[in-house]
Structure formats: C-alpha cells, structure tokens
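# Descriptive analysis of the structure
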Amino acid sequence: MNSLVNVEWLFQHLKDVRVIDCRFNLAKPEEGIEQYRIGHIPGAVYYHLEQDLSSKVEKHGGRHPLPLAEQFVQKAEAVGLTNDTKIVVYDNGEGSFAARCWWLFHYFGHEQVYILDGGYNEWLASDYPTESNVQAFEHGHFTVNIHSDMVADYKQVKEAVEYPNNEVVLIDSREEKRYLGLIEPIDKKAGHIPGAINKVWLDTLSNGKFKSIDEQKQRFSEMEKDQPIIVYCGSGITASPNYLALKEAGYKNVKLYPGSFSDWISYEEHPVATKMK
C-alpha cells in the first residue's frame, strides 16, 4: 500500500528519514518507553500514545482525545522535525499505534509520513541493527495545517444515527464481542452506536502486515467509493488502521470519530445498540 514502507527500504534509507517509535501497551502505559530504552531502530525518537499522541482526558472527548495543535508542534520541534522531514513510524507490528501516529501527522497537515509494515518485530526478524542510546537532534521548526475534513465529531455521528437515510456508513472497528455488547472490558456501557456495521480492525492485517489494496477493497466491497463513511472504535486508536485501509482502497469521503464509543456514551442521552446473532 502507498502509505507503507518495508524494512528493507527503511534500512537502505535510514539516513534520509526520521523514525518514530510508537510502541505501546494500553494495559501497561509505560511498557512502550521501556521497550524503546532497551532497543529501537537507529535514530528513532519515541512518541508516547497518552502523552504525545493524545491530550488530557476530560468529561467528553473519549479516552484518547486528539492532542492540541500546540502540544503536537512542541513535541515535533523538540525532536527536530520540520515540515520537510520524511517520517517513518512503527509499533511492534500491531499497526494500530503506528496508524494513530500516521493519521495525526496527516491531520496536522504533514503528508510525508509512512508506516513500517510489520513494525519492530519485522525489523528484528530481518536481523537489522538496533540501538539503545537516544540521539539528540537540533530543535526543528514545525507548523500545522489542520485537515478538519478528516474528523467527525459526536454531532455528525448523532446526525447519522438519527437520519439513516443520509447514507452515512458508520463502521465500528472493535472486535465482534464488544460490538455485539457481549463483553465490555473498558467502557461503562456495552454495545455499539446504533446503525453501525462491524469491520474488525485486525482484519486489515495478516501475520502482522497490512493486507494488499485488493484485499482491503474486498473487505469494504459493499460500500460505494464516494459514500460518506465514519470509522470509530473504543477511543480512536484501532479505528486508524481501518481509516488507512479505506483510503488506500480508494474511498474518498472517510472521517474518523476520534472520541469514538467512549465519547459517544459520555452523553447519557445517546442510545446504544446490541445485536445478537
């Protein structure tokens, strides 16, 4: 896919790009930075999901609200990024944390950003070098140009729920049991936003790598390419791979609901649906 690079390419172009390590564990928030300190791709800087790729949790906005523009700029400049920097982001191969970082750079107007297909696990499996030291970079100058058309807020989602004839497709990216309301390990309510269909984000991948464009097209084949689509998950993280897959498959009108289900249920009046087979 066009937004991906493989480990061979990255090894050959390490001097031409800046690398961002996005490894994270939602259950153990400091595990990613600990892994980074043990070893990472040479020259990589670390972006923490909750400190760098999210803002402070409030009553509304979900469990991982989008970072503020000034927060994003401050981090980018601190690690020496500029608007001309070509960036490669990676996680352990889950795809979701790297896709979140990829999506955010695009949202803030930086187009030259790519995901390392297979992530750090693929890098290690290929016997490419790692390092444990943290390199220092000169302070960069980074400006943002926010692409608000990439985002859907709860009002737009509510409109899609209340007026289903407007042909907006809501895609729930969580695992099927959470979508159906059979289990809910995190949020205070179980189920999904009414009218949403289920396209599990893990199906964007096969053996730790993103599926081909043709395979992604097949996953979403029941939808028209110009149909308005809003993707969500629990807190906006695992919806990012589905957003990437849709865009790569040629869908033109795709938005991500950053607050996702955790934001939706923060409004007590919002309905929740369950669907049993």
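Source: prediction; values computed, not measured.

So, about the pattern of salt bridges. Taken as a whole and judged by the stated rule, the model has 11 salt bridges. For Asp-52, the salt bridge goes to Lys-75, with nearest N and O atoms at 3.5 Å. With Asp-52 in the loop between strand S3 (45-46) and helix H3 (69-78) and Lys-75 in helix H3, this pair connects stretches of sequence that are 23 residues apart. Both residues of the pair, Asp-52 and Lys-75, count as buried. Among the salt bridges present, the one from Asp-172 reaches Arg-174, with a minimum N-O distance of 2.7 Å. A residue is classified by how much of its surface remains accessible, and Arg-174, at 2% relative accessible area, is buried.

The subject of this paragraph is the packing of aromatic side chains. What the rule picks out here adds up to 17 aromatic pairs. Taking the centre distance of 4.5 Å and the plane angle of 20° together, the rings of Phe-11 and Tyr-128 count as stacked. Placement of Phe-11 in helix H1 (residues 7-12) and of Tyr-128 in the loop between helix H5 (119-125) and helix H6 (154-162) is noted, with a sequence separation of 117 residues between them. Residue classification places Tyr-128 among the buried residues on the basis of a relative accessible area of 18%. Centre to centre, the rings of Phe-105 and Phe-142 are 6.2 Å apart; their planes meet at 85°, and the pair counts as edge-to-face. Note that Phe-105 is positioned in helix H4 (residues 96-107) and Phe-142 in the loop between H5 and H6, a separation of 37 residues in sequence. Neither Phe-105 nor Phe-142 differs from the other in exposure class; each is buried. Ring pairing ties together the aromatic residues Tyr-47, Phe-72, Trp-102, Trp-103, Phe-105, Tyr-107, Phe-108, Phe-142 and Tyr-243, which thus form one cluster. A cation over a ring is seen here: Arg-18 above Phe-137, with NZ or CZ 3.5 Å from the ring centre. The ring of Tyr-47 has Lys-75 lying over it, and the distance from NZ or CZ to the ring centre is 5.0 Å.

Turning our attention to H3. Buried within H3 are the following residues: Phe-72, Val-73, Lys-75, Ala-76 and Glu-77. Contacts from the buried residues of H3 go to S3 and H4. One or two residues past the end of H3 sits Gly-80, with phi positive at roughly 85°.

As summarised here, the arrangement of the 5 strands in space is S1-S5-S4-S2-S3, forming an open sheet in which the pairing is parallel. Sheet topology places strand S1 (4-5) and S3 at the edges, where each strand pairs with a single neighbour. Pairing geometry for strand S2 (residues 18-21) and strand S4 (residues 87-90), over 4 bridges, is parallel. Within S4, the position partnered with Asp-21 by the bridge is Tyr-90.

Calculation notes
Residues numbered from 1 in each chain as written. Predicted model: local features only at pLDDT ≥ 70, side-chain atom pairs only at ≥ 80, totals over all residues. Heavy atoms only, no water. Salt bridge = Lys/Arg side-chain N within 4 Å of Asp/Glu carboxyl O. Helix = DSSP H or I, 4+ residues; strand = E, 2+ residues; numbered from the N terminus. Buried < 20%, exposed > 50% of the residue type's maximum accessible area, 1.4 Å probe, protein only. Phe/Tyr/Trp six-rings, centres within 6.5 Å; stacked < 30°, edge-to-face > 60°. Lys NZ or Arg CZ within 6 Å of the ring centre and 35° of its normal. Contact = heavy atoms within 4.5 Å. Pairing = 2+ DSSP bridges.

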